[in-house]
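# Working through the structure, step by step
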Amino acid sequence: MKQFACGNVVPGCDGVVSGETVEDVLAAAAAHAAEAHGMASVPDEVVEAITAGITDA
Ligand SMILES: [Zn+2]
């Protein structure tokens, strides 16, 4: 499993998403961003930041 702590990109957010693969985590992070942060889409630089922040869980 891999996981990503949203606080790495959005200071103060304690949301954590996880998935089997990096792609799963990115999809979950995009869904979290839409629901929790009102981001209709995730810019490339944010995708890169998320990818860099993904850790093994
Ligand atoms: Zn968040």
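Structure: above.
Attention in this report is confined to the structure presented alongside it.

Reading the values: the criteria
- Here the residue index of a chain counts from 1 through its sequence in written order.
- Totals for whole chains, interfaces and linings use all residues, but because this is a predicted model, local features are given only for residues with pLDDT of at least 70 and pairs of side-chain atoms are given and counted only at 80 or more.
- With hydrogens and water excluded, all non-hydrogen atoms of the structure serve as input to the side-chain values.
- Each metal site is built from N, O and S donor atoms within 2.8 Å (3.2 Å for Na, K and Ca), and since water is not included, such sites may look incomplete.
- For a four-donor site, all angles between 85 and 135 degrees give tetrahedral; for four or six donors, opposite pairs above 155 degrees with the remaining angles between 65 and 115 give square planar or octahedral; all remaining cases count as irregular.
- Put simply, DSSP H or I for four residues or longer makes a helix, DSSP E for two residues or longer makes a strand, and each gets a number counted from the N terminus.
- Throughout, exposure labels follow a simple rule: accessible area from a 1.4 Å probe, protein chains only, divided by the maximum for the residue type, with under 20% read as buried, over 50% as exposed, and the rest as partly exposed.
- We call a set of buried residues a nonpolar core when its members are Ala, Val, Leu, Ile, Met, Phe, Trp, Tyr or Cys and they connect through side-chain atoms within 4.5 Å of each other.
- The contact criterion used throughout is that any non-hydrogen atoms of two residues lie within 4.5 Å.
- A pocket here means an open set of points on a 1 Å grid, computed over the protein atoms alone, that has protein on both sides within 12 Å along at least five of seven lines. A cavity is instead a set of points where a 1.4 Å probe fits but cannot get out; residues with an atom within 4 Å of a point line either one.
- Grid points are joined across faces, edges and corners, and a volume is the space filled by probe spheres set on the points.
- For this scheme, ten residues count as nonpolar: Ala, Val, Leu, Ile, Met, Phe, Trp, Tyr, Cys and Pro. Four count as charged, namely Asp, Glu, Lys and Arg, and the remainder, Gly too, count as polar.

Another aspect to go through is the coordination of the zinc ion. The zinc ion binds to the protein through Cys6 (SG), Cys13 (SG), His32 (NE2) and His37 (NE2), with metal-donor distances spanning 2.0 to 2.3 Å. What the four donor atoms of the zinc ion show is an angle range of 107 to 112 degrees at the metal, which sorts the shape as tetrahedral. Each donor residue of the zinc ion belongs to the same chain, and together they define the spacing C-x6-C-x18-H-x4-H. Note that cysteine 6 is positioned in the loop between strand S1 (2–5) and strand S2 (16–19) and histidine 32 in helix H1 (residues 22–37), a separation of 26 residues in sequence. Histidine 32 sits in the buried class, given a relative accessible area of 18%.

A few words now on the nonpolar core. In this structure, Phe4, Cys6, Cys13, Val17, Val25, Ala29, Val46, Ile50 and Ile54 together form the largest nonpolar core, which totals nine residues. Residue assignment for this core shows that the elements contributing at least two residues are H1 and helix H2 (44–53). When near neighbours in sequence (up to four residues on either side) are disregarded, isoleucine 50 contacts Phe4, Val9, Leu26, Ala29 and Val42.

Here we come to empty space enclosed by the protein. If you roll a probe as big as a water molecule over the atoms, it shows you where there is empty space left. For the structure on display, the rule yields one cavity of 30 Å³ or more. Of the volumes computed, that of the largest cavity is approximately 70 Å³. What lines the largest cavity is simply Phe4, Cys6, Val9, Val10, Ala29, His32, Ala33, His37, Met39, Val46 and Ile50. For the lining of the largest cavity, the secondary-structure elements that each account for two or more residues are H1 and H2. A per-element tally of the lining of the largest cavity places H1 first, with four residues. Grouping the constituent residues of the lining of the largest cavity by class yields nine nonpolar, two polar and no charged.

By themselves, these figures tell us nothing about what the structure is for.
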